[in-house]
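# Structural description and commentary
Residue-level listing of the chains:
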2 protein chains.
Amino acid sequence: MINKITIIGVGLIGGSLAKAIKENNLAKVVFGFGRDSERLEKAQKTNVIDQYSTNLKEAVSDSDIVVIATPVGSFKEILTEIKPFLTGKIVITDVGSTKTNIASLVSQTLGEHSNSFIPAHPIAGKEKSGFEASESNLFNNKKVIITPLEGNSSDSISLIQKMWEGAGADVDFMSPESHDELLGMTSHLPHMLAFSLVNYLISKNPSASIYAAGGFKDFSRIASGDAVMWRDICIQNKDQIIDHIKGYQKTLDSLVDAIKNENSDELDLLFTNAKKTRDSWVG
Amino acid sequence: MINKITIIGVGLIGGSLAKAIKENNLAKVVFGFGRDSERLEKAQKTNVIDQYSTNLKEAVSDSDIVVIATPVGSFKEILTEIKPFLTGKIVITDVGSTKTNIASLVSQTLGEHSNSFIPAHPIAGKEKSGFEASESNLFNNKKVIITPLEGNSSDSISLIQKMWEGAGADVDFMSPESHDELLGMTSHLPHMLAFSLVNYLISKNPSASIYAAGGFKDFSRIASGDAVMWRDICIQNKDQIIDHIKGYQKTLDSLVDAIKNENSDELDLLFTNAKKTRDSWVG
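This write-up is about the structure you can find in this document. Source: prediction; values computed, not measured.

## As for the overall build of chain A
Each helix and strand in chain A was counted, giving eleven helices and nine strands. For chain A, whose C-alpha radius of gyration is 21 Å, the value lies close to the compact-globule estimate of 19 Å for 283 residues. Per-residue burial over chain A gives 52% buried out of 283 residues. Partitioning the intrachain contacts of chain A with sequence separation of at least 6 by distance along the chain shows that 75% fall at a separation of at least 24.

Next comes the structure, spelled out in structure tokens:
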């Protein structure tokens, strides 16, 4: 059994992982690190974590695994700060939504310990943030993508894989570039569309929302995501997100053409294909 | 108590209204009309409707209210066909998602009976179609918008208002133009965006859907809407839908600029505003 797992940033994802580790007896101690001791104390009292500290040295020392679960924009600072406390035995991982930038950031900041960093991304979440919203089963049957770095040892990779599988997830491996292209499409793009839909509505007629049916409300749910997290993702996965928005706009242009020309056959085909594909995902 | 309400098109909306009328004892008989007698028989056997016929004269005669609950593209044909069986006592209404085109269609087709047509639109639905998916409480606390025509009598309007209120809905009144502008934004636009997102994914990498998190799935749920219904809506509310898609694309362009320039403050503001507004709708 693992002795100590440290979670840097006990929010929705960090808190849910902490709970899953405790519930599945994956480690003797789940240790939380953060800047705000009141929040950490509350997380301990509500059994999200076993112990905590606002002292990074104390948090990292003797850990088997350190999980960075803060917004990706904070990684550079955190990696730089934890470097002095690393040993060859500590495996570091993250839960960030972007992976290409992190690979180069790790080699810039961690030096000799770069090979101990196993980049990972659990594809799970909800529109609420903070450990108060955390759930031990958040990762159940969800995908976790590990994007190994060249120098990672198979033992370190396996340790992180087992942690996630123990938390109920299904682990896949791919390159950081494939990850960012894929998630740019399946996660970042829909979030950008949802934020923009709400912003468009604000600009046109904010009170219109009382006439919105369930579909609109579902659609806009993801526009309640954490603003700082999404700001960071946009900057970290800038090129892919811009490409996907522009590609998507071309799809919208084709739809506008079909509507403008009252092309019934084309509209039928567009909507039928979308419906079939969507139903096949659910079915 | 109303004697007979006839539902033309016993699908999700028609079937749900039929069930709501029966459950709330709003009429002695709920009579279904359709083209397929097997489907109607099944709807009768599962207590969606009391009686049915594939003969329009039989269905319409002696009705107090005739509700047209078929896709809006079929209205011209249906209105033309029922005209011979209308009397001054029959009030006709619909459940269509577009209202401006219907106003002119009614005066073209119904002649002297135009004043008996009360256009209405219940803002409720789900991604499944057919009376098998119908629910008596589908309209509970949902908005129904009535867009009265100039010649409508207050008695006729009141009859349709009471039917919907009896079914649990909250009735509002507005002009057909305001309705189409509003619904173009709160309903038609999100559906166009969802259909297009799925179509974009198909064009890029259909198998990517296994890496889609809950947000994407919620978002794409409305892309399972009925293709024929949405084709008709696009053609009937063409100008408003095109305007809204183009307006939305400008909002996307601003977002692309903010991402391109790595404008953290602007991104923060865009996402925070969207989140605040969205949360206020739910709260």
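Moving on, there is more to tell.
## Let's talk about helix 9 (residues 227-236) of chain B
Among the ten residues that make up helix 9 of chain B, eight are buried, leaving the element largely enclosed by the rest of the structure. Those residues of helix 9 of chain B that sit buried are Ala227(B), Met229(B), Trp230(B), Arg231(B), Asp232(B), Ile233(B), Cys234(B) and Gln236(B).

## Notes on the interface of chain B and chain A
With 74 residues of chain B at the interface, the matching set in chain A holds 74 residues. Looking at the side of chain B that touches chain A, the elements that each hand over two or more residues are helix 7 (176-204), helix 8 (214-221), helix 9, helix 10 (238-260) and helix 11 (264-282) of chain B. Take the side of chain B that touches chain A: its biggest share by element is 20 residues, from helix 7 of chain B. The residue makeup of the side of chain B that touches chain A, split by class, is 41 nonpolar, 20 polar and 13 charged.

## Quick look at the relation of the copies chain B and chain A
The transformation that overlays chain B on chain A combines an axial shift of 0.0 Å with a rotation of 180 degrees, and the residual RMSD is 0.0 Å. In the structure described here, the two chain copies are related by an operation that fits a two-fold rotation axis. Of the C-alpha atoms belonging to chain B, the one lying closest to the rotation axis is found on Phe219(B), 2.1 Å away. Comparing contact sets, 100% of the residues at the interface of chain B also lie at the interface in chain A, consistent with an isologous, same-surface contact.

## Regarding the nonpolar core
In this structure, Ile7(A), Val67(A), Ile7(B) and Val67(B) are the most contacted members of the largest nonpolar core, which totals 178 residues. Setting aside anything within four residues of it in sequence, one finds Ile7(A) in contact with Gly14(A), Leu17(A), Ala18(A), Val30(A), Gly32(A), Ile49(A), Val67(A) and Ala69(A).

## Observations concerning the packing of helix 10 (residues 238-260) of chain A against helix 10 of chain B
Relative to each other, helix 10 of chain A and helix 10 of chain B sit at 165 degrees, their axes nearing to 11 Å. Judged by the angle between their axes, helix 10 of chain A and helix 10 of chain B are roughly antiparallel. In this structure, helix 10 of chain A meets helix 10 of chain B at a crossing whose hand is left-handed. For the pair formed by helix 10 of chain A and helix 10 of chain B, the contact residues are Lys238(A), Ile241(A), Ile242(A), Ile245(A), Gln249(A), Leu252(A), Val256(A), Ile259(A) and Lys260(A) on the first element and Lys238(B), Ile241(B), Ile242(B), Ile245(B), Gln249(B), Leu252(B), Val256(B), Ile259(B) and Lys260(B) on the second. Broken down by class, the residue content of the contact of helix 10 of chain A with helix 10 of chain B amounts to twelve nonpolar, two polar and four charged.

## Observations regarding the sheet that holds strand 7 (residues 120-122) of chain A
All names here are of chain A. Taken together, three strands build an open sheet; the order of strands is 7-8-9 and the sheet is mixed. Both outer strands of the open sheet, strand 7 and strand 9 (170-173), are each paired with one neighbouring strand and no more. The sheet shows a mean angle of 20 degrees between the axes of neighbouring strands, taken without regard to direction. Relative to strand 9, strand 8 (residues 143-146) runs parallel, the two sharing four bridges. What sits directly across from Lys 143, in strand 9, is Asp 170. Against the sheet, helix 6 (residues 154-166) makes contact with strand 7, strand 8 and strand 9, and its axis sits at roughly 170 degrees relative to strand 8, the strand it touches most.

## Observations regarding the sheet that holds strand 7 (residues 120-122) of chain B
All names here are of chain B. Strand order across the open sheet formed by three strands is 7-8-9, with mixed pairing between neighbours. Either end of the sheet is taken by a strand with one partner, and the two such strands are strand 7 and strand 9 (170-173). Neighbour-to-neighbour, the strand axes of the sheet open up by a mean angle of 20 degrees, direction not taken into account.

Definitions and limits used
- Residues numbered from 1 in each chain as written.
- Chains lettered and ligands numbered in written order.
- Predicted model: local features only at pLDDT ≥ 70, side-chain atom pairs only at ≥ 80, totals over all residues.
- Helix = DSSP H or I, 4+ residues; strand = E, 2+ residues; numbered from the N terminus.
- Rg over C-alpha atoms; globule rule 2.2 N^0.38 Å.
- Buried ≥ 20, exposed ≤ 12 C-beta atoms within 10 Å, placed from the backbone.
- Contact = placed C-beta atoms within 7 Å.
- Nonpolar A, V, L, I, M, F, W, Y, C, P; charged D, E, K, R; others polar.
- Least-squares fit on C-alpha atoms with pLDDT ≥ 70 in both.
- Core = buried A, V, L, I, M, F, W, Y, C linked by C-beta atoms within 7 Å.
- Axes fitted to C-alpha atoms, helices over the stretch in contact; angles between N-to-C directions.
- Parallel < 35°, antiparallel > 145°, perpendicular 65-115°, else oblique.
- Left-handed = near helix turned anticlockwise from the far one by under 90°.
- Pairing = 2+ DSSP bridges.

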